[in-house]
Amino acid sequence: MEFLSRFFCQRRMNSQPIKNKHLAAKKVVGFQPALSESPVAMFQMDEDMPTQEPFIAHPQAHHLKKQSSTENTHKDGLSIPIPASQNPQFAKTTRSSLSATIGSPSSSYSDRLLELAKVGASGGSNDPPTFPSQRRMSKPNIIVPPASQKPNPKTMTKAERRELQEQQRAEKAARIAAGLPAKQHPPKQKLKSSSPPKVHHDHSSKPNSTTIKKQMKKVQADNAGKNVLPLFSHLTQFDLDYTLLNEKYQGAIHPIIMELGVQYREHSIIGGTARCLAMLLAFQKLIADYITPPGATLQRNLNTVISTQIGYLTNIRPLAFSMKNAIRFVKYLLTNLDVELPDVDAKKYLCDAISNYIETRITLSHSAIVEQLLVHAKKIKNGDCVMTFARSSIVQRILIEAHNRGIDFEVIVVDSRPKLEGKETLSELSQKGLKCTYILSNAIPYVIKQVTKVMLGAGAVLSNGDVLSRCGTSLVCMAAHDAKVPVMVVCETYKFSESVLLDSIVFNEMGNPDDLTDMVLHAPSELLPSTFRSNRTPGILNDWEKNSNLKLVNLLYDITPAKFITMLVCEIGQIPTTLALRVARNQNETH
């Protein structure tokens, strides 16, 4: 009884008293796993136990000796289970051994204490008993760190830490004196993998696409660093040398797509409608020549092939908004193509759908716009003076059709360098018998007073109502707005976009800077393909690249704010600029 009194006094001093003996009994007996539970579940129960320091009746109880047998036994006769990986019979013997030493769950807590006191008095040991729930069980798969690792400063004395610091300073000074880095980083050890060794192929004969891509970026960075205005250095600079681009897409581009890319780069095909139409016709030729490789399906493989062609054209020259909408339509066709459809029927279906897109969205839309302006709205009347800028295929068709209908009016063609596309418009209109006047953009303020309406084309109509068109369009619109002259922008619905551009700096396209150095005013049709430098007249800026202080900027597009535009004319009618987003969403929902 003397032992029990000392035991309870020590417990009252070091821990909170047990108020509920049933809770204490549950604490002791609850450690035992059920018969259906595995040894792993028992260790999980031990990990979920409270992290507070368990009650230890005697300081020597911390030092439990490890035994090499399949079961560790303490001096007081209590069994400590070990992992099942070391003792296969653990799951069967744990419950019986615990029941034999502690007692059945139904026995009272005081009876168990008396039984343990007798065991301690007769067993030749004076150590107080400890309960299984109070011991820290050894977790399985514990990795003991080797002795060669760096010592832990937290476990070292102050003198040992000072000695270690002095040793590290000496080693650091010796390394610096020898010309080595002050701190030596241990080599990283790679984990061994069971995967088979990689087979190294010789790619010396075939160019690496990653290397070519890095070379292209380097060339663009070099071009951006010389003779380029910093404000527009983020734009892709004009470069006629696309040798690296051809090496990157070697063998993956259809010949008609490569020919189309050259025409885009040299500006032989100008205008959003012409570029979109040429791309769709090239896609039709590509689909007709396509052969599905073995083990692949047309629906998936053709989508990849067309994406490669689109990537090539994008690197050649930025895509127009009309081309982006047409590409979205082609991708929609490929995505919704029936998988069970034979290749011959699938290719015929795709070609017919593209032809239908050209007919309905481009050809018939032009006819509908002409009817809207000349028949229903009658926007061009006798005695009108219509001003137009540069060249637009739809505006040109409207003016010729109005003249054919017997309407007597005059046309003022405004042009600007360096493209001088207005010369093409002037030539075609004058040949049809229209009365025309040709001026440059600097003469707009002098003739704007006699103009009754301005009719312009557009490269794209953005969701906020702004218009993206040839550089100089905004100048014409602002001059007409100041003179209270209505401005009509004619644009097909397939050029409407949900994008938003607030200025002409973030997004634009850089033209050939050599166009600014030509002293002779050539129209686009007067320039021979692939001879951009040979057929130019030398001038004072002939060797402008050698002058690092001279920077030439040839922007192709500008943004006209919606407030300078009176109305938008498309095949669905005459609409205000505030409905541009609704039209763009409708035409995207149709495909």
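In this text the structure is predicted, and so the values were computed from the model without any measurement.

Things to note about the overall build of the chain
Assigned secondary structure in the chain consists of 18 helices and 12 strands. Evaluated residue by residue, the chain yields a buried proportion of 40% over its 591 residues. For the chain, the share of sequence-separated contacts (at least 6 apart) that also reach a separation of at least 24 residues comes to 78%. As presented, the chain carries roughly 34800 Å² of accessible surface, and 55% of it is formed by carbon and sulfur atoms.

Digging into the sheet that holds strand S12 (residues 573-575)
Strands sit in the order S5-S4-S3-S6-S9-S11-S12 across an open sheet of seven strands; the sheet is mixed. Across the chains shown, the open sheet's two edge strands, defined by having one partner strand only, are strand S5 (435-440) and S12. Across this sheet, the average inter-strand angle for adjacent strands is 25°, counted without regard to direction. Pairing of strand S11 (residues 567-570) with S12 involves three bridges; the strand directions are antiparallel. Paired with Cys570 across the bridge in S12 is Gly573. Contacts from helix H13 (residues 343-376) reach strand S6 (453-457), strand S9 (487-490), S11 and S12, with the element oriented near 130° to S11.

A closer look at the nonpolar core
In terms of nonpolar packing, the biggest core is built from 42 residues, with Tyr264, Met279, Leu280 and Phe283 touching the most fellow members. Leaving out residues up to four positions away in the same chain, Tyr264 has contacts with Ile269, Arg275, Ala278, Met279, Leu313, Ile316, Arg317 and Met323. Among the nonpolar cores identified, the runner-up in size contains 33 residues, and Met387, Ile439, Leu456 and Cys477 belong to it.

As for the environment of Leu373
Relative to the helices and strands, Leu373 resides in helix H13. Accessibility expressed as a relative area gives 0% for Leu373, which makes it buried. Sequence spacing of Leu373 and Cys570 is 197 residues, and the spatial spacing of their C-alpha atoms is 9.6 Å. In contact with Leu373, other than residues within four places in its own chain, are Lys378, Lys379, Ile380, Ile398, Met455, Met488, Val490 and Val569.

Some points on the sheet that holds strand S10 (residues 557-560)
Here we have three strands laid out as an open sheet, ordered S7-S8-S10, and antiparallel in their pairing. Edge positions in the sheet fall to strand S7 (460-461) and S10, since each of these pairs with one other strand and no more. Bridge analysis of strand S8 (residues 467-470) against S10 gives four bridges, and the strand direction is antiparallel. Opposite Val467, over in S10, you have Thr560 as the bridge partner. Lying over the sheet, helix H17 (residues 473-482) contacts S8 and S10, oriented at roughly 30° with respect to S10.

Details of helix H18 (residues 580-589)
Buried within H18 we find Ala580, Val583, Ala584, Gln587 and Asn588. Here the buried residues of H18 occupy an arc of 130° about the axis, which is enough to place them on one side.

What counts as what
- Residues numbered from 1 in each chain as written.
- Predicted model: local features only at pLDDT ≥ 70, side-chain atom pairs only at ≥ 80, totals over all residues.
- Heavy atoms only, no water.
- Helix = DSSP H or I, 4+ residues; strand = E, 2+ residues; numbered from the N terminus.
- Buried < 20%, exposed > 50% of the residue type's maximum accessible area, 1.4 Å probe, protein only.
- Contact = heavy atoms within 4.5 Å.
- Areas by Shrake-Rupley, 256 points an atom, 1.4 Å probe, with all protein chains shown as cover.
- Pairing = 2+ DSSP bridges.
- Axes fitted to C-alpha atoms, helices over the stretch in contact; angles between N-to-C directions.
- Core = buried A, V, L, I, M, F, W, Y, C linked by side-chain atoms within 4.5 Å.
- Arc of directions from axis to C-beta.

Honestly, it's all geometry; don't read function into it.
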